[in-house]
Amino acid sequence: MAAKAKNKSKSKEKKILVIVESPAKAKTIEKYLGPDYTVKASMGHLIDLPKSRIAIDVDHGFEPEYITVRGRAKLLKEIQGDAKKSGTVLLASDNDREGEAIAWHLRNAITAKTQVPIQRIAFNEITPQAIRDAVANPAEIDEAKVSAQKARRVLDRLVGYNLSPLLWKKVKNGLSAGRVQSVALRLICDREKEVESFIPEEYWTLEADFKVGKTSYTAQLVSWNNEKPVLKDGKSVKEIIEKIKNSDSVVTDIRETEKTIRPRPPFTTSQLQQTAANRLGFTSRKTMQIAQQLYEGVNIGNSRIGLITYMRTDSVRVSQTALAEVREWIGKNYPKELPEQTVEYTVGKKAQDAHEAIRPTYISYLPDNIKESLTRDQLRLYTIIWERFVSSQMSSVRTRTISVDISAGEGIFRTSGTKIIEKGFYQVMKLLSTKDEKGNPYPKLKTGDKIKIDSFRPEQHFTQGPARYTDASIIKTLEEKGIGRPSTYAPIISVLLDRYYVTRSNKQLTPTILGRIICDLLVDYFPQVVDAAFTAEMENKLDEVEDSQIQWPQMIKEFWDPFKTRVDEVGKTLESFKGTLDEETDQVCEKCGKPMVKKLGRFGYFLACSGFPECRNTKSIPLAKCPKCGGDVVARKTKGRGKEFYGCTNYPDCDFISHFKPLKQECPKCGQFLVEKYDKKNGYYKSCINPECDYLHSSDDEAPNEE
């Protein structure tokens, strides 16, 4: 009996092992839980599918073959050893499908070595109270959520490991195709075709400065002969100016309107990525990396604080505790802007609603008060999260606009001014503020006032075609089409960039030649795989698996049978492209005298000697003839940052360079080549490289000619 009591006492002394995904999270949680707990990080997945083979048994229920991830066996053994010494194991991986799968694999691996009690805990924020609540209320692993992750993993593996070898065999070694990424690639390629086919059209606007005493007002022509003015060229503008320059001008109408601007809901993952891209210039990957840091915890004074809630969510739901806290803060600091009732936001139909919206864990941690503890980027991202959440529970903004119409001959010019009459949620906006929040002065005019035209301001414009996708706009499109989930938006873009199917320039996503070839092949031979509606339906089925509405093997079988049949058909009937992508040229290798061949590599086309492997000479493909010496203009990269520019191959004898990409198009005015330019006002447009030519060109190399 004494021995039994002694053993029981030792059992009570055993620590509780908590397993999380990252070391940063482990460090934060360990501080909260104290000496009775040991917190270990799994560093993500320890057990997964092997990379070397498909590892899916398609003949027996699509069961995956899992192995210990290469290089992770030592860590897994350590965790198993720690579990043996512990009284209980709490699996605290992220509360999503991937996290649930990590917990499932860990439970199986630990159970194989010891019979220690294992439970699952989950939390939406890393705060002392949230962690204590999670530990006090452990649960079982959600098998349905694990099944959904398994189904996605199997589905992606079947697509990737069947299409990629086909591409190697028929097109080029080393290529790959993914299920969701291929749909995103198609969207980007389709948009590029629209951009290239767009032909800009010239149009003009006309403003006039009207003077009353010492005060001047700028107004725009909005009506001519009782119709909306259509100003196609400078000549038509000059004709209007000639007709009205000596006319009497009089104020004929003044209108006053009020507008209510409601606050936006707190951030979802996609909205955070879009706003961070547009406001802060962050890529999606960078946004999620910084959000992860804020979620897992940063050192503030002597404490380690998880500053935001879980950052992968498609819900705008907020806990009652957080709502009470933010309303209390608003009531103390901006009592006039506190609505009587809590502001409610509708959760989207496609939202899984598993997590709250992204919000600060503590409203009391104002961005300005903790800026010394954060990096610049952490502070900026935290600030927009804090501002968006607090403003979401404040009163609306009200503005008043006064519009004044001024008649001059057959024309009507309009000027307006806007004032904010109730600041509402604008009170807490700093990083999220806009120029509209300052308003602009009312015109101090009244009906019947006679005023004088002081000067005219004609301005040339060109219609803008569809914009190329950015990180923000492709995420918005994917979300609207029901493709991908909060955890997949950033990886989708990263994979396309890493494979060099897409490049990013001026925040715009542009498909490479390689990306276009892959996309065209998939559209021609596997249209269902790159169909947005079909991919969205597969996402819905994965959600149904998680909701225990359907069984995942049946879902996979419905996809697999026709897909495998098509893969086999294409494999037999599609002629190999290999070698056909290479083109003979009339250029001669300067090293051995043999012809140069145009080849497609991972980073686009290049010239290589046909005498390979005896001669390994390669060089860039000429993009245009040099306007200075007649040599070849090729793409080059700067040392250090590797920024692309375009220069003459006769350097240093010829010093011609351009920072704008040459297009294989001659200028219709002077015959020199066109380049592609970009600015915020006009977007992308074509311009002549010749500084003396005015074809869509201005002397400052920034915008089309608007003289």
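Scroll up a little and you will see the structure.
The text that follows walks through the structure, step by step, so that each part is easy to find. Throughout, residues of each chain are indexed from 1 in the direction in which the sequence is written. With pLDDT at 70 or above as the cut-off, local features in this predicted model cover only qualifying residues; side-chain atom pairs require 80 or more to be listed or tallied, and sums for whole chains, interfaces and linings still use all residues. Processing note: side-chain calculations cover all non-hydrogen atoms of the structure and skip hydrogens and water entirely.

### Some details on the sheet that holds strand β24 (residues 632-637)
Strand pairs in the sheet, formed through backbone hydrogen bonds, run parallel or antiparallel to each other. We apply this condition: DSSP calls a pair of strands paired once it identifies at least 2 bridges connecting them. The helix count covers DSSP runs of H or I at least four residues long, the strand count covers runs of E at least two residues long, and both are numbered beginning at the N terminus.
As summarised here, the arrangement of the four strands in space is β23-β24-β25-β26, forming an open sheet in which the pairing is antiparallel. In this open sheet, the two strands that pair with only one neighbour each are β23 (624-625) and β26 (657-658). When β24 meets strand β25 (residues 644-648), the two strands line up antiparallel, connected through five bridges. In the strand pairing of β25, Val634 is matched with Gly647.

### Remarks on helix α11 (residues 320-333)
This is how it is decided: Helix span, expected: 1.5 Å multiplied by one less than the number of residues in the helix. Type-normalised accessible area, obtained with a 1.4 Å probe on protein chains alone, sets the label of each residue: buried when under 20%, exposed when over 50%, and partly exposed for intermediate values. When we speak of the arc, we mean the arc of directions from the helix axis to the C-beta atoms. Working rule for contacts: check all heavy atoms of both residues, and any pair within 4.5 Å makes them a contact.
Counted at 1.5 Å a residue, the expected span for α11 with its 14 residues is 20 Å, and the 20 Å between its end C-alpha atoms agrees. Of all the positions in α11, only Ala322, Leu323, Val326, Arg327, Trp329 and Ile330 are classed as buried. Down the axis, α11 shows its buried residues gathered within 160 degrees of arc, on one side only. More than 90 degrees from the buried face of α11, the exposed residues found are Gln320, Thr321 and Lys332. Its buried side turned inward, α11 meets α13 (376-392).

### Focus: the packing of helix α6 (residues 143-170) against helix α17 (residues 532-546)
Under the convention used in this document: Axis geometry follows a simple rule: fit a line to the C-alpha atoms, using only the stretch in contact for helices, then measure angles between N-to-C directions, giving values from 0 to 180 degrees. When an angle is under 35 degrees it counts as roughly parallel; over 145 it counts as roughly antiparallel; between 65 and 115 it counts as roughly perpendicular; any other value is oblique.
Contact geometry of α6 with α17 gives a least axis separation of 7 Å together with a crossing angle of 150 degrees. In terms of orientation, α6 and α17 fall into the roughly antiparallel class. Side by side, α6 and α17 meet where Ala144, Lys145, Ser147, Ala148, Ala151, Arg152 and Leu155 of the first sit next to Met538, Glu539, Leu542, Val545 and Glu546 of the second.

### Quick notes on the pairing of strand β2 (residues 37-41)
Among the five residues in β2, four count as buried, and that is most of the element. With five bridges joining them, strand β1 (residues 16-20) and β2 adopt parallel strand pairing. Looking at the pairing, Val20 lines up with Ala41 of β2.

### Remarks on the pattern of salt bridges
Quick reminder of the rule: When a carboxyl oxygen of Asp or Glu is within 4 Å of a side-chain nitrogen of Lys or Arg, the pair counts as a salt bridge.
Taken as a whole and assessed by the stated rule, the structure comprises 45 salt bridges. Here Asp190 and Arg186 are joined by a salt bridge, their closest N and O atoms 3.6 Å apart. On the criterion of helical spacing, the pair formed by Asp190 and Arg186 is a turn pair, its members being four residues apart in helix α7 (residues 179-197). Its relative accessible area of 32% is what places Asp190 among the partly exposed residues. Note that Glu242 is salt-bridged to Lys245, the shortest N-O span being 3.2 Å.

### Considering the packing of aromatic side chains
Heads up, the rule is: When the centres of two rings from Phe, Tyr and Trp lie within 6.5 Å, Trp using its six-membered ring, the rings pair. Their planes under 30 degrees apart give stacked, over 60 give edge-to-face, and anything left gives tilted. Ring-over charges, as used throughout, are those where CZ of Arg or NZ of Lys falls within 6 Å of the ring centre and within 35 degrees of the ring normal.
Tallied over the entire structure, the rule returns 11 aromatic pairs. For the ring pair Phe425 and Tyr426, a centre distance of 5.1 Å and an interplane angle of 75 degrees mean the geometry is edge-to-face. Residue Phe425 shares its accessibility class with Tyr426, and that shared class is buried. An aromatic cluster of at least three residues, connected via ring pairs, comprises Phe526, Phe534, Phe559, Trp560 and Phe563. Between the NZ or CZ atom of Arg157 and the centre of the ring of Tyr161, over which it lies, the distance is 4.1 Å. The cationic tip of Arg191 hangs over the ring face of Tyr469; the distance from NZ or CZ to the ring centre is 4.2 Å.

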